[in-house]
Amino acid sequence: MSESTGIPAVVLGGSGYVAGELMRLLAGHPRFAVVAIASEGHAGERVEAQFPHLRGAFPGLAFVAPAEVGGHLEGLPHAAVFAALPHGHAAAGVDRLLGQAEACGCTARVVDISADFRYPDAAAYEAVYRHPHGAPARMAEFVSALPEHHRGATPRHVGHPGCFTTAVTLATVPLLALGLVEPEISVTAITGSTGAGRTPTATTHHPERRSTLFAYGALAHRHEPEMRALALAATGIEPDLAFVPHAGPFARGIHATLHARLTSERTAQAVREAVAGFYSQAPFVCVESEPPKLQSVVGTNRAVLAFAVRGRRLVAFSVLDNLTKGAAGGAVQWMNRLFDLPETAGLEAAGLGWI
């Protein structure tokens, strides 16, 4: 593949919802061109067999076995690798592929969408996920941050924060960084069923979620430590965060409501203006005057924030699409930066609406 036809892209863990969303975004990307999509259980099947909505987007492209992906890197000067494998499996797969890339002289840049590279070392990861890390020697090569908050040198590889973490951190970081709130924050966040992956369980199967709403993992969810760590890295302040996730009766999206105490009395307009200024260079973060509706962001890489104030009580609202901004879109946004492309490349399409 020549530079004029695109930057070669590889997708690992290719049959899940996040991989399907990645492929939808990459189908319209001006520079990334998919050369391989790996799936252990669907090797040889055409992509459109698993993702009928992508029919015609990748003519003739079939899944390959993970062991075959390395062969697609031969002769390539560089490659963009999107890892959409489950946590606990991504690290070993990424390590293997990076080793193959190094052996054939291909410079691969990785954005991992699992949780495997969100922590600085294996001990921190294992304390939360309760199993050994699959590639501890690789962890130092990764940075975990939202692109809106990372101000240092461009990292080599990225461990993309999760969807809940993205929604909550986009709201908490400016409030803490600007000294607007005290660092004790309560969060209630509702997610769509796609956040639980493609294999149904007793709590994710559609008949179990339709027309109901329930909390789970209250004050003990594994993403809460990630939220604390990202806020600390971005602001120097570790919030006392109380996170209560809920399972919602819809497929896509996250709606988060945060409660905090202002450090001094301010109007909602003053808070909005301060946060909008903080994100003035962030193309995908919008600050609005009214609480946002989830459907307004579904299918987009946008996150919308809003605020309500009474005295020193502050309520923040944050909505995004868990599959896009919270996963695949955020990964593409990061990969754009890793390859020195415009951050918005391939991510400016309008939302889906009425789903």
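Structure: see above.
Before going into details, it helps to say that this report is about the structure given with it.

Calculation rules
Residues numbered from 1 in each chain as written. Predicted model: local features only at pLDDT ≥ 70, side-chain atom pairs only at ≥ 80, totals over all residues. Heavy atoms only, no water. Pairing = 2+ DSSP bridges. Helix = DSSP H or I, 4+ residues; strand = E, 2+ residues; numbered from the N terminus. Contact = heavy atoms within 4.5 Å. Axes fitted to C-alpha atoms, helices over the stretch in contact; angles between N-to-C directions. Parallel < 35°, antiparallel > 145°, perpendicular 65-115°, else oblique. Nonpolar A, V, L, I, M, F, W, Y, C, P; charged D, E, K, R; others polar. Salt bridge = Lys/Arg side-chain N within 4 Å of Asp/Glu carboxyl O. Buried < 20%, exposed > 50% of the residue type's maximum accessible area, 1.4 Å probe, protein only. Phe/Tyr/Trp six-rings, centres within 6.5 Å; stacked < 30°, edge-to-face > 60°. Polar contact = N/O pair within 3.5 Å; in protein donor to acceptor, adjacent residues only side chain to side chain. Core = buried A, V, L, I, M, F, W, Y, C linked by side-chain atoms within 4.5 Å.

### Details of the sheet that holds strand S12 (residues 303–310)
Taken together, the seven strands give an open sheet; going across it, the order is S8-S9-S7-S10-S13-S12-S11, and neighbouring strands pair in mixed fashion. The two strands at the open ends of the sheet, each matched to only one other strand, are strand S8 (214–215) and strand S11 (285–287). As defined by bridge partners, strand S7 (residues 184–191) adjoins strand S9 (residues 240–247) across eight bridges and the pair is classed as parallel. By the bridge assignment for S9, Val187 is matched with Phe243. Taken strand by strand, helix H5 (residues 163–177) contacts S7, S9, strand S10 (254–261), S11, S12 and strand S13 (313–320), and its axis lies near 140° from that of S13.

### Considerations on the packing of H5 against helix H8 (residues 268–278)
To describe two helices that pack against each other, one gives the angle between their axes and the distance between the axes. At their nearest, the axes of H5 and H8 sit 10 Å apart, and the two run at 105° to each other. Judged on the interaxial angle alone, H8 and H5 are roughly perpendicular. Contacts from Val173, Pro174, Leu175 and Ala177 in H5 reach Val271, Val275 and Phe278 in H8. Of the residues belonging to the contact of H5 with H8, the class tally is seven nonpolar, no polar and no charged.

### Regarding the pattern of salt bridges
If you walk through the whole model with that rule in mind, you get 13 salt bridges. Lys325 is the partner of Glu148 in a salt bridge, and the nearest nitrogen-oxygen pair spans 2.7 Å. With a gap of 177 residues between them, Glu148 in the loop between strand S5 (142–143) and strand S6 (157–159) and Lys325 in helix H9 (residues 324–338) connect regions that are remote in the sequence. With relative accessibility at 1%, the residue Lys325 sits in the buried group. Each of Asp95, Glu102, Arg138, Glu141 and Arg156 takes part in a single network of salt bridges with overlapping partners.

### A closer look at the packing of aromatic side chains
As enumerated under the stated definition, the model contains seven aromatic pairs in all. When the centroid spacing of 3.9 Å and the interplanar angle of 10° are considered together, the rings of Phe117 and Phe142 count as stacked. Of this pair, Phe117 sits in the loop between strand S4 (107–112) and helix H4 (122–129) while Phe142 sits in strand S5; the two residues are 25 residues apart in sequence, bridging distant segments of the chain. With respect to burial, Phe117 and Phe142 carry one shared label: buried. Judged by centre distance (5.0 Å) and plane angle (15°), the ring pair of Tyr125 and Tyr129 falls under stacked. Of the two residues, Tyr125 and Tyr129 are both situated in helix H4; the distance of four residues between them amounts to about one turn of the helix. On the accessibility criterion, Tyr125 (1% relative accessible area) is buried. Residue classification places Tyr129 among the buried positions, given a relative accessible area of 8%.

### Re the pairing of S13
Most of S13 sits out of view: seven of its eight residues are buried. Here eight bridges tie S10 to S13, and the two strands are oriented antiparallel to one another. Bridged to Arg261 within S13 is Arg313. Sheet analysis places S12 next to S13, joined by eight bridges and oriented antiparallel.

### Some words on the environment of Asn301
Within the element layout of this structure, Asn301 appears in the loop between S11 and S12. When near neighbours in sequence (up to four residues on either side) are disregarded, Asn301 contacts Phe284, Thr324, Lys325, Gly329, Gly330, Gln333 and Leu347. Separated by 3.5 Å, the side chain of Asn301 and the backbone nitrogen of Lys325 make a polar contact. Of the polar contacts made by the side chain of Asn301, one reaches the backbone nitrogen of Gly330; its length is 3.3 Å.

### Topic: the nonpolar core
Membership of the largest hydrophobic core comes to 35 residues, with the highest contact counts inside it found for Met23, Phe32 and Phe82. The set of elements that each furnish at least two residues to this core consists of strand S1 (7–12), helix H1 (17–27), strand S2 (32–37), strand S3 (78–83) and H9. The biggest single contributor to this core is H9, with seven residues. Ignoring sequence-local partners within four residues, the contact set of Met23 consists of Val11, Val34, Ile37, Val47, Leu54, Phe58 and Leu61. Counting residues in each nonpolar core, the second largest holds 34 residues, with Val168, Ala171, Val181 and Ile185 among its members.

### A short note on the sheet that holds S4
With respect to topology, six strands assemble into an open sheet ordered S2-S1-S3-S4-S6-S5, the strand pairing being parallel. Across the chains shown, the open sheet's two edge strands, defined by having one partner strand only, are S2 and S5. Note that S3 and S4 share six bridges and pair parallel. Bridge pairing in S4 places Ala80 opposite Arg109. The strands touched by helix H3 (residues 90–103) are S1, S3, S4, S5 and S6; relative to S4, the strand with the most contacts, the crossing angle is about 170°.

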